[in-house]
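Each chain, letter by letter, is given below.
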Amino acid sequence: LPSIKPALKKLLAETNFAALAVPKALAMSEDGYGYPGLVDPTGIVSLPIAKAEARRIALEACSALSGKACKIVAVGNLFCPDGPEEYKALGIPQSFDDIPFVFENTKAASDWRKKIKEDYPNSTAFKAIAISIDGFGWMDNVVDSVTLAPFTYARTSDEEAARIALEFCEINARMPPCTLYAVGNKIVFDPAKINRSPIIDYKKTTLTKPLLGVGDRAYDALWFELFPRGDVNRFTDSVYMDLDGNPFFNADDAMAKATCEDGGKYVCFKLAQGNKLTFTSDILWASKYPDVTCGSIPRSSCEAHNLLGCKTSGNYLIFKEGKVVEELCTF
């Protein structure tokens with residue numbers, strides 16, 4: 001593959017693409033950017049479906065990353081086993097059956113897709129779905145799991161649900177930032193408008209609205225009563241949050257952390273000390289994979305890369321005027 005870019009080489013190395021004995025496919029754009037589609041064989045309905053999913057995921061993610069049409073260049077460990085392939089661009093979903101980047105027919109993804117297809121359209125709450133190119137998604141739909149009725153502290157608008165869906169998708173995705181798939185009952189995903197900038201406000205310093213992962217109604221009702229006489233400036237506890245957005249307070253820092261983690265059941269991060277926010281981009285799951293998050297993903301600017309945890313000066317991928325370019329970023 002003489003035209004392959006270093007960014008794609010890093011993705012192939014990070015995923016151990018060549019050695020993995022799973023359904024897999026590799027897609028590339030004309031300018032050498034691409035994506036390896038890998039399908040976890042656990043729970044697969046059939047091998048042909050798994051192979052088809054690997055091709056679909058590779059093409060969709062390649063097109064989203066590069067901003068261009070892509071074609072399959074390898075399936076399994078063979079180059080173009082079915083002959084020359086055509087370039088295909090990522091399209092606009094026409095129904096909730098069409099979810100880009102998310103695998104079909106694996107146990108985990110089937111549950112996720114089922115919730116999107118069945119539970120999400122029937123919910124009457126304010127709601128939104130965000131997805132990342134690596135296939136992670138976050139559905140913000142605060143309802144009773146049986147009745148699908150909104151909880152007391154459900155979101156106050158679809159826009160608020162969209163903010164929180166994007167925030168938690170950004171925290172949990174391997175390749176942030178994330179893009180909205182649906183807001184309310186409307187599919188809003190547009191491949192021409194992939195989000196390439198962070199949503200979380202990493203520069204914010206105070207424990208005020210809007211707060212990371214917390215709706216305004218919940219903030220007003222639950223958080224406000226914890227502040228002595230309603231004065232947030234007198235609040236001194238340590239605040240930890242799990243990756244589902246549940247906050248835990250205690251005057252003792254170790255106790256707040258232990259309560260949040262619940263014996264290792266949950267991953268938590270320190271949100272604030274008193275009224276001062278303490279979290280950084282280190283809370284991102286992507287921070288565990290610096291070669292991928294800083295070397296393989298085009299973003300809107302050098303600042304976007306820096307906010308999402310890239311701290312070393314050098315050449316970074318910037319999406320500019322509909323294409324990926326390399327730009328020197330100095331941090």
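Above: the structure in question.
Residues numbered from 1 in each chain as written. Predicted model: local features only at pLDDT ≥ 70, side-chain atom pairs only at ≥ 80, totals over all residues. Heavy atoms only, no water.

Turning next to the sheet that holds strand β7 (residues 179–183). Remark on secondary structure: sheet strands pair via backbone hydrogen bonds, oriented parallel or antiparallel. Sheet architecture is open: four strands sit in the order β6-β5-β7-β8, paired in antiparallel fashion. With one partner strand each, in any of the chains shown, β6 (137–140) and β8 (186–187) form the two edges of the open sheet. As judged from the four bridges shared by strand β5 (residues 128–131) and β7, these two strands associate in the antiparallel manner. If you follow Ile129 over to β7, its bridge partner there is Ala182. Taken strand by strand, helix α4 (residues 158–172) contacts β5, β6 and β7, and its axis lies near 25° from that of β5. (Pairing = 2+ DSSP bridges. Helix = DSSP H or I, 4+ residues; strand = E, 2+ residues; numbered from the N terminus. Contact = heavy atoms within 4.5 Å. Axes fitted to C-alpha atoms, helices over the stretch in contact; angles between N-to-C directions.)

The subject of this paragraph is α4. Every α-helix carries 3.6 residues per turn, so stepping three or four residues along brings you back to the same face. In a regular helix each residue adds 1.5 Å, so 15 residues correspond to 21 Å; α4 covers 21 Å between its end C-alpha atoms and thus fits that length. The element α4 is extensively covered by neighbouring structure, given that 13 of its 15 residues are classed as buried. (Expected span 1.5 Å × (residues − 1). Buried < 20%, exposed > 50% of the residue type's maximum accessible area, 1.4 Å probe, protein only.)

Moving on, we get to the nonpolar core. Residues Tyr35, Phe101, Ile129 and Tyr181 are the most contacted members of the largest nonpolar core, which totals 46 residues. Elements supplying a minimum of two residues to this core: α1 (6–15), β1 (24–29), β2 (34–38), α2 (47–66), β3 (70–75), α3 (107–122), β5 and β7. In this view, Phe101 contacts Arg56, Ile57, Glu60, Ala61, Ala64, Leu90, Ile131, Ser132, Ile133, Gly135 and Phe189; residues no more than four positions away in its chain are not counted. Formed by 33 residues, the second largest nonpolar core is a distinct cluster that contains Phe168, Leu207, Met241 and Leu308. (Core = buried A, V, L, I, M, F, W, Y, C linked by side-chain atoms within 4.5 Å.)

Our focus in this paragraph is the sheet that holds strand β9 (residues 238–242). The strand order across the open sheet formed by four strands is β10-β9-β11-β12, and the pairing between neighbours is antiparallel. Among the strands making up the open sheet, the edge pair consists of β10 (247–250) and β12 (276–277). By the bridge criterion, five bridges tie β9 to strand β11 (residues 268–273) in an arrangement that is antiparallel. Following the sheet pairing, Ser238 is matched in β11 by Gln273. Helix α6 (residues 253–261) rests against β9, β10 and β11 of the sheet, and its axis sits at about 15° to β9.

Applying the stated criterion to the full structure yields six aromatic pairs. Relative to Tyr120, the ring of Phe96 has its centre 5.7 Å away and its plane inclined at 55°; by these criteria the two rings are tilted. Taken together, the positions of Phe96 in the loop between β4 (78–79) and α3 and Tyr120 in helix α3 put the pair 24 residues apart, joining distant regions of the chain. Both residues of the pair, Phe96 and Tyr120, count as buried. For the ring pair Phe96 and Tyr181, a centre distance of 6.1 Å and an interplane angle of 65° mean the geometry is edge-to-face. (Phe/Tyr/Trp six-rings, centres within 6.5 Å; stacked < 30°, edge-to-face > 60°.)

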